[in-house]
Amino acid sequence: MEKTTASLEEPDVSIYASDEINTRLTPDEKIDFYRQMLRIRHFEDRSLHSYQQGKIAGFLHLYSGQEAIAVGAVSLMEKEDQLITAYRDHGFALALDMGMNECMAELYGKITGCSKGKGGSMHFFAPDKNFWGGHGIVAGQVPLGAGIAFALKYQKIKGCCLCFLGDGATNQGSFYETLNLASLWDLPAVFVIENNGYSMGTKIERHSIGRPLARRAETVDMDWDMCNGHHLYEVRAKIAAAIKRARSESRPTLLEISTYRYRGHSVSDTGLSYRTKGEIEEYRKTKDPITLFYNQLEKEGLIDEKTAKDIDKVTHKEAEDAAKFADDSPNPTTEELTRDVYWEEDHPESNTSEGTIFFE
Amino acid sequence: MEKTTASLEEPDVSIYASDEINTRLTPDEKIDFYRQMLRIRHFEDRSLHSYQQGKIAGFLHLYSGQEAIAVGAVSLMEKEDQLITAYRDHGFALALDMGMNECMAELYGKITGCSKGKGGSMHFFAPDKNFWGGHGIVAGQVPLGAGIAFALKYQKIKGCCLCFLGDGATNQGSFYETLNLASLWDLPAVFVIENNGYSMGTKIERHSIGRPLARRAETVDMDWDMCNGHHLYEVRAKIAAAIKRARSESRPTLLEISTYRYRGHSVSDTGLSYRTKGEIEEYRKTKDPITLFYNQLEKEGLIDEKTAKDIDKVTHKEAEDAAKFADDSPNPTTEELTRDVYWEEDHPESNTSEGTIFFE
Amino acid sequence: MPVIHYRDALNAALDEEMTRDDRVFMMGEEVAEYNGAYKVTKGLLDKFGSQRMLDTPISESAFSGLGIGAAMMGLRPVIEFMFWSFTYVAFDQIFNNAANIRYMSGGLVNVPMVIRGPANGGTGVGATHSHTPENYAASTPGIKVVCPVTPYDAKGLLKTAIRDNDPVCVMENTLLYGMTGEVPDEEYLIPLGKADIKKEGSDISFIAHGRAVITCLKAAEILEAEYEIDAEVVDLRSLRPLDEETICASVKKTNRVVLVEENKPYCGTDAQIAYIIQDKAFDYLDAPIKRISAVDAPQIYSPVLEKEQIPYPQRVVQTALSIL
Amino acid sequence: MPVIHYRDALNAALDEEMTRDDRVFMMGEEVAEYNGAYKVTKGLLDKFGSQRMLDTPISESAFSGLGIGAAMMGLRPVIEFMFWSFTYVAFDQIFNNAANIRYMSGGLVNVPMVIRGPANGGTGVGATHSHTPENYAASTPGIKVVCPVTPYDAKGLLKTAIRDNDPVCVMENTLLYGMTGEVPDEEYLIPLGKADIKKEGSDISFIAHGRAVITCLKAAEILEAEYEIDAEVVDLRSLRPLDEETICASVKKTNRVVLVEENKPYCGTDAQIAYIIQDKAFDYLDAPIKRISAVDAPQIYSPVLEKEQIPYPQRVVQTALSIL
Ligand SMILES: Cc1ncc(C[n+]2csc(CCOP(=O)(O)OP(=O)(O)O)c2C)c(N)n1
Ligand SMILES: Cc1ncc(C[n+]2csc(CCOP(=O)(O)OP(=O)(O)O)c2C)c(N)n1
Ligand SMILES: [Mg+2]
Ligand SMILES: [Mg+2]
């Protein structure tokens, strides 16, 4: 990973650095956030490489550039908090501490993948880590997120659901229906728009009108806020406030986090037909979340080039090992085709149904 | 039709009476608005009676109480303006000067009905009168309304589409998707929420949060306004402004008109399990649009009890005659079942298709 | 045995299952305070409170998806659609999310959810409100589908559906809500995938689901009375899983079969049943399999014509006679 | 004759029809500035401008409905779905509004609209993106459906669809976009409802649509080379209207039939075709009709298994041999 230095124009983030949610962090925790972001970056780079090698099929939506959001958000989650997102899901999976092996193997379509190779890049799941996917249909996960929050409230569990979507996804009706419902029913949900400025090749100006997008919440009396996605501390501060609102008041929030994706929409898109190289480079130079956080930690005297290099090496190796693991793993067998379709078929001991369930 | 006197608390509507859009009206035009509202009221009463006689099947959503909206809106339409609404469509149909005969016959399911008895109460159409339905799926007509506006703009026709929906319909995603699209694409549309306070048996407080509903437009940078639906002059003034915006700036508007329905949601609903008789009577006493307009015309010296009684008689008779016409009309024949499914099958002379299109 | 209405049988199923398992809750338009558009949920708000009986806005996509999310977390939502027609605005949630999430998670997640409501024509509500999408539902792997026709079946199948760990579509019928039938006081369950022979016979098999079963029973009566023909009426009850055994056994016995459904013909459920029969009982067929479906057009409003559009006993009789 | 790509054949059809009739316009995600997710619309923005080539937000319900409204007013929208899978969020607009409005207006309105895009598995995009809803579409009276497999058919059928005065669903395939075939320079149209015998044969009939036609052709080659069996391959091309005549003529000639499609089996289109064949050619069948469909599960991601999930030539060969 190249490291670049943030430009001088960068706004002062010390207000967020001195936010209690961040001051209470131990040095180890902070270093670990850095590690996690790098881990995501390396995983994505490695998966891109594997795709180019022909090891991965279908879509591959990379999270590179947006790492501070997933890492910042997940760092705030407590035992009962849940998370759901769209198809750009590797960053969240890794931040939630899923193993690179199972993630990479999923991309390779192997039986050792987190979904046994059945879901692919867009459909990662890890319920044991409170991760509910990984969803391919734009905004299709938003009502689900409300349902997860509903389930917490129904069971009187103090927790919330963090539900992520893109800027383009705000144009789906189900997003808006859910905003009304979540506010009307006081659901403990945090809806986060990761606004990376583009819906595939369509710049935000051409896909939606009215700014900020988060203000969409105002009309349903929902709290909302804006956030810079390249500052991990700011992400933590803003999401913490929303989580608190959810947990203590059972009220939802709509948070819009500005961010950027370095890569094309999916790997088949160069990402250069609708934006300039300069635009990408500018972000990389001035707003790369990993670089910015390095600078911050350096200022705090917690990191130096040597430590960074070590972390870089370890996470890079983790990704390489994962690729090897995936490569060496077996494909699912033919019988897997009709497993995991019905819970009852997978549990013959408690299947009360009769008759034919699979047809030819 | 009983006539009641408006209570003294009624706000002064003279500002709207003196609006140019209303001052330019001739006495005959004003009297005709009164007649049109009565015409709708009588039609609805007669159709309810026919329903109770078992002459009408399915649903019957009556417009009684909301007449000033349809009559006011339609009175502003010029040659190229178009209109579309939901299933509570009789009032619009009649205001657009559809004959009571074809409307009543449609309710009776007769071949002489406006849709040959194929659509029923919820699905009236009269393209020759710029009326595009009559739509049964809540908010399903809203994108269509945008499409009609789009077609005008595409063909560089100066005109607009008036698109009506209920308060409950604002909770459908397609409504919100359309707001964004109409504003983004500068469509000459006027979206009107007829807020009668209920979505079936669900009071507005229980189905949506955030007031006024019209403010939903703000987040997509669309102009919006509020309006009292019981004052015909106010309805005209507010809709006229929106139409002007559509025609001259090609910009959409969202208008929320408060109104009330006297009857149950559809005829099978008494309308009394979720609201009190008192609530209904209060509206009838203080806000009945026909009574209020009578009082206004009386103040203007344009109407007296005798004239009103004559109009009452004529419109009442028109409804009675329509019921007789419908009763006497033949049912569609069996062949009608598969007519009007495909344009091409209905026009064998220009049908280029081969093969089987209807199956058994 | 007590004789009760179909709607009350459904109500009893809901009541019992909500009593039994407090993870079960209900959502839908007008299900709570209004007691349901067809009074199927009458009294349940009073009994279970507004935490478990939820009136929704007209946001089918959002509340279906909300149900899926809650089910993933282990709750057991029962979602009422006022009409199955309205699932068209929630189609993606039901037939993409609910159907596929288990598979895409490699079996880590399951969606124990019931979606129920009427799916029928015959009441003069026109094309937008008269869909019979049981074929769409049954064609979707990951989804189960039942279509009860008697109060007894309605109660037993709905109870089983609620206990099922996969998404189950329960397709009811507004014309059946007011019908009566025997329902025992004791608790019982009906397994999914078990057809029921509603009338035994030896000359010809009528195979049907939903209200078409009643049409077949009437046709069988006419055939018996007027032609001395003894028809068997097989009620599929469950479309997925499907009781192929009972179907084939009946055909092997009678060698002639008429399939009757109220759905439109092209790719209706009976197209699939016909394929199965000709595949598994080819040598037993003495005549082509015949189908009777709704006349192939959008549902008409005209009450007179709608009666002709939907299969009626005489049509079944005539078709039966044509292959006997 | 010039040999061109399938995607370019579609492009040519759009180009010609937009040139011919300025009521024709296109909408969809990424169709204009991005030149289409699969470059089917390449160059059309430059040629026809942003009034007629419109990039939409991800609001499928709104822009489908907008198309219907515009079509009611006499325009002729062509709507691209990036995947037919995404029609599930616009299902009501397409299969309720577009399908039914003509009927419910008693014939006063018609909806001359084309909905097109890929409907296929086989590219490792998983269950949410691999729907093949041609059976849903064809089961809906009021809707027409075509599934072209060659560049020639793609161009001819899309042009006809655009000129058609009813809503037409054009189901393409991402795996076909890059395939080549002969397409004449001169203008031509292919009528809807006309099947095409892609290979004549006398021993057995393979009936298919879409990419399954290619699978059948390969199977026929194997049968010829290895077993001296002469299979006929009927490409339906159009599912509604449907060329029953060609289907039945082929079956009457060969007396044996295998139906192949990439859809899931339960109520797949071939269930309907099977019913029609056994009904209309009962006495000509020397063996049960066999079907080969995608393995009955949500579409799997695993590229290795997805190849097994979708019908492949050897499966067709084995099935053919089993009834020969
Ligand atoms: C309903 C639906 N329509 C279209 C698509 C195709 N698609 C996938 S991602 C995408 C763009 C989404 O942009 P955004 O929400 O901003 O998220 P980002 O990709 O930027 O993270 C589109 C159009 C889809 N998956 N689902
Ligand atoms: C998508 C959909 N869901 C549910 C219904 C059933 N339904 C018909 S009207 C209605 C209430 C609509 O209320 P509102 O929009 O306020 O209009 P109003 O009836 O008051 O004129 C409902 C729930 C429907 N027709 N379509
Ligand atoms: Mg984006
Ligand atoms: Mg209302």
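Reading the values: the criteria
- Residues numbered from 1 in each chain as written.
- Chains lettered and ligands numbered in written order.
- Predicted model: local features only at pLDDT ≥ 70, side-chain atom pairs only at ≥ 80, totals over all residues.
- Heavy atoms only, no water.
- Buried < 20%, exposed > 50% of the residue type's maximum accessible area, 1.4 Å probe, protein only.
- Helix = DSSP H or I, 4+ residues; strand = E, 2+ residues; numbered from the N terminus.
- Pairing = 2+ DSSP bridges.
- Right-handed = clockwise from strand over helix to strand, strands pointing away.
- Near = heavy atom within 4 Å.
- Polar contact = N/O pair within 3.5 Å; in protein donor to acceptor, adjacent residues only side chain to side chain.
- Areas by Shrake-Rupley, 256 points an atom, 1.4 Å probe, with all protein chains shown as cover.
- Contact = heavy atoms within 4.5 Å.
- Buried area = accessible area lost by both parts, 1.4 Å probe.
- Salt bridge = Lys/Arg side-chain N within 4 Å of Asp/Glu carboxyl O.
- Axes fitted to C-alpha atoms, helices over the stretch in contact; angles between N-to-C directions.
- Parallel < 35°, antiparallel > 145°, perpendicular 65-115°, else oblique.
- Left-handed = near helix turned anticlockwise from the far one by under 90°.
- Disulfide = S-S within 2.5 Å.
- Donors = N, O, S within 2.8 Å, 3.2 Å for Na, K, Ca; no water.
- Expected span 1.5 Å × (residues − 1).
- Least-squares fit on C-alpha atoms with pLDDT ≥ 70 in both.
- Nonpolar A, V, L, I, M, F, W, Y, C, P; charged D, E, K, R; others polar.

1. Quick notes on the pairing of strand E13 (residues 257–260) of chain D
Residue and element names in this part refer to chain D.
Phase 1: Residue alternation in E13 divides its side chains into two sets, Val257 and Leu259 and Val258 and Val260, and both sets are buried.
Phase 2: The pairing of E13 with strand E14 (residues 290–292) spans three bridges and is classified as parallel. Residue Val260 lies in a different strand from E14, and its bridge partner there is Ile292.
Phase 3: Handedness of the crossover joining E13 and E14 through helix H9 (residues 269–280): right-handed.

2. What about the site of ligand 2?
Phase 1: Neighbouring ligand 2 are 21 residues, the closest being Tyr87(B), Arg88(B), Asp167(B), Asn196(B) and Glu60(C).
Phase 2: Interatomic distance of 2.8 Å between a side-chain N/O atom of Asn196(B) and an oxygen atom of ligand 2.
Phase 3: Taking His265(B), its side chain carries an N or O atom lying 3.3 Å from an oxygen atom of ligand 2.
Phase 4: For ligand 2, whose accessible area on its own is 580 Å², the fraction buried by protein is 96%.

3. Focus on the interface of chain B and chain A
Phase 1: The interface is formed by 22 residues belonging to chain B together with 22 residues belonging to chain A.
Phase 2: Counting each side, the surface lost to burial between chain B and chain A is near 2,000 Å², with a carbon and sulfur contribution of 51%.
Phase 3: Looking only at chain B, the three residues that lose the most surface to chain A are Tyr176(B), Ile209(B) and Thr219(B), adding up to 35% of its buried area.
Phase 4: The closest approach of N and O atoms between Arg215(B) and Glu218(A), which form a salt bridge, is 3.7 Å.
Phase 5: In this structure, the connection of chain B to chain A is made through 18 residue pairs in polar contact (both at pLDDT 80 or more).

4. Remarks on the packing of helix H3 (residues 27–52) of chain A against helix H13 (residues 305–328) of chain A
Residue and element names in this part refer to chain A.
Phase 1: Between H3 and H13, whose axes approach to 8 Å, the crossing angle comes to 40°. Relative to H13, the element H3 is oriented oblique. The element H3 and its partner H13 pack so that their crossing is right-handed. Mapping the contact onto sequence places Ile31, Tyr34, Arg35, Leu38, Arg39, His42, Phe43, Arg46 and Ser50 in H3 and Ala308, Ile311, Asp312, Thr315, His316, Glu318, Ala319, Glu320 and Ala323 in H13.

5. Concerning the state of the cysteines
Phase 1: Taken as a whole and assessed by the stated rule, the structure comprises zero disulfides over all chains.
Phase 2: Cys163(B) carries a free sulfur, and the closest cysteine sulfur to it, the one in Cys161(B), is 5.8 Å from it.
Phase 3: With relative accessibility at 0%, the residue Cys163(B) sits in the buried group.
Phase 4: Just so you know, Cys216(C) is unpaired, no disulfide at all, and the nearest cysteine sulfur is the one on Cys147(C), 14 Å from it.

6. Let's talk about the coordination of the magnesium ion (ligand 3)
Tetrahedral coordination by four donors sets the ideal angle at the metal to 109.5 degrees; octahedral coordination by six donors sets it to 90 or 180 degrees.
Phase 1: Protein ligation of the magnesium ion (ligand 3) involves Asp167(A) (OD), Asn196(A) (OD1) and Tyr198(A) (O), the donor distances falling in the range 2.1 Å.
Phase 2: Site description for the magnesium ion (ligand 3): donor spacing in sequence, D-x28-N-x1-Y.

7. Examining the coordination of the magnesium ion (ligand 4)
Residues and elements named next belong to chain B.
Phase 1: On the protein side, the magnesium ion (ligand 4) has Asp167 (OD), Asn196 (OD1) and Tyr198 (O) as donor atoms, found 2.1 Å from it.
Phase 2: Donor residues for the magnesium ion (ligand 4), ordered by position in the chain, follow D-x28-N-x1-Y. You can see Asp167 sitting in the loop between strand E2 (161–166) and helix H8 (173–184) and its partner Asn196 sitting in the loop between strand E3 (189–195) and strand E4 (198–199), a full 29 residues away along the chain.
Phase 3: Residue classification places Asn196 among the buried positions, given a relative accessible area of 6%.

8. Section: the environment of Ile303(A)
Residue and element names in this part refer to chain A.
Phase 1: Structurally, Ile303 is set in the loop between helix H12 (289–299) and H13.
Phase 2: Accessibility expressed as a relative area gives 7% for Ile303, which makes it buried.
Phase 3: Residues Ile303 and Pro27, spaced 276 residues apart in sequence, show a C-alpha to C-alpha distance of 9.3 Å.

9. Some words on H9(D)
Residue and element names in this part refer to chain D.
Phase 1: Here H9 contains twelve residues, and its C-alpha end-to-end distance of 17 Å stays within 8% of the 16 Å for a straight helix at 1.5 Å per residue.
Phase 2: By the criterion of burial, H9 is predominantly enclosed, with ten of the twelve residues buried.
Phase 3: For H9, the complete set of buried residues consists of Thr269, Asp270, Ala271, Gln272, Ile273, Ala274, Tyr275, Ile276, Ile277 and Gln278.

10. A short note on the environment of Asp223(A)
All names here are of chain A.
Phase 1: Relative to the helices and strands, Asp223 resides in strand E6 (residues 223–228).
Phase 2: For Asp223 and Leu254, which are 31 residues apart along the polypeptide, the C-alpha to C-alpha distance reads 6.4 Å.
Phase 3: With near-sequence residues (within four places) excluded, Asp223 lies in contact with Ala217, Arg245, Pro252, Thr253 and Leu254.
Phase 4: Among the polar contacts made by the side chain of Asp223, one reaches the side chain of Arg245 at a distance of 3.3 Å.

11. Topic: the pattern of salt bridges
Phase 1: Taken as a whole, this structure holds 118 salt bridges over all chains when the rule is applied.
Phase 2: The partner of Glu17(D) in a salt bridge is Lys159(D), and the shortest N-O contact between them spans 2.8 Å. Here Glu17(D) is found in helix H1 (residues 6–20), whereas its partner Lys159(D) is found in helix H6 (residues 151–163), with 142 residues between them in sequence.
Phase 3: Here the salt bridges do not stand alone but share partners, grouping Glu16(C), Glu17(C), Arg20(C), Lys155(C), Lys159(C), Arg163(C) and Glu187(C) into one network.

12. Re the relation of the copies chain B and chain A
Phase 1: For the pair chain B and chain A, the superposition axis carries a translation of 0.0 Å, the fit reaches an RMSD of 0.0 Å, and the rotation angle comes to 180°. What the superposition gives is, in effect, a two-fold axis relating one chain to the other. For chain B, the minimum C-alpha distance to the rotation axis belongs to Gly173(B) and amounts to 1.7 Å.
Phase 2: Comparing interface residues between copies, 100% of those in chain B also sit at the interface in chain A, which points to an isologous, same-surface contact.

13. A closer look at the site of ligand 1
Phase 1: In the vicinity of ligand 1 lie 21 residues, with Tyr87(A), Arg88(A), Asp167(A), Gly168(A) and Glu60(D) positioned nearest.
Phase 2: At 2.7 Å from an oxygen atom of ligand 1 is found a side-chain nitrogen or oxygen belonging to Arg88(A).
Phase 3: At 2.8 Å from an oxygen atom of ligand 1 is found a main-chain nitrogen or oxygen belonging to Gly168(A).
Phase 4: Expressed as a share of its isolated accessible area of 590 Å², the protein-covered part of ligand 1 is 96%.
Phase 5: Of the residues belonging to the shell around ligand 1, the class tally is nine nonpolar, eight polar and four charged.

14. Remarks on the interface of chain A and chain C
Phase 1: In this complex, chain A contributes 50 residues to the contact, which on the side of chain C involves 60 residues.
Phase 2: When chain A packs against chain C, close to 4,300 Å² is buried across both sides, 64% of that on carbon and sulfur atoms.
Phase 3: Where chain A touches chain C, the interface holds two salt bridges.
Phase 4: A salt bridge links Glu344(A) to Lys144(C); the shortest N-O distance between them is 3.6 Å.
Phase 5: Put simply, chain A and chain C have 21 residue pairs in polar contact (both at pLDDT 80 or more) between them.
Phase 6: Elements that contribute at least two residues to the side of chain A that touches chain C include exactly helix H7 (141–154), helix H8 (173–184) and helix H14 (343–346) of chain A.
Phase 7: Split into classes, the residues belonging to the side of chain A that touches chain C amount to 24 nonpolar, 16 polar and ten charged.

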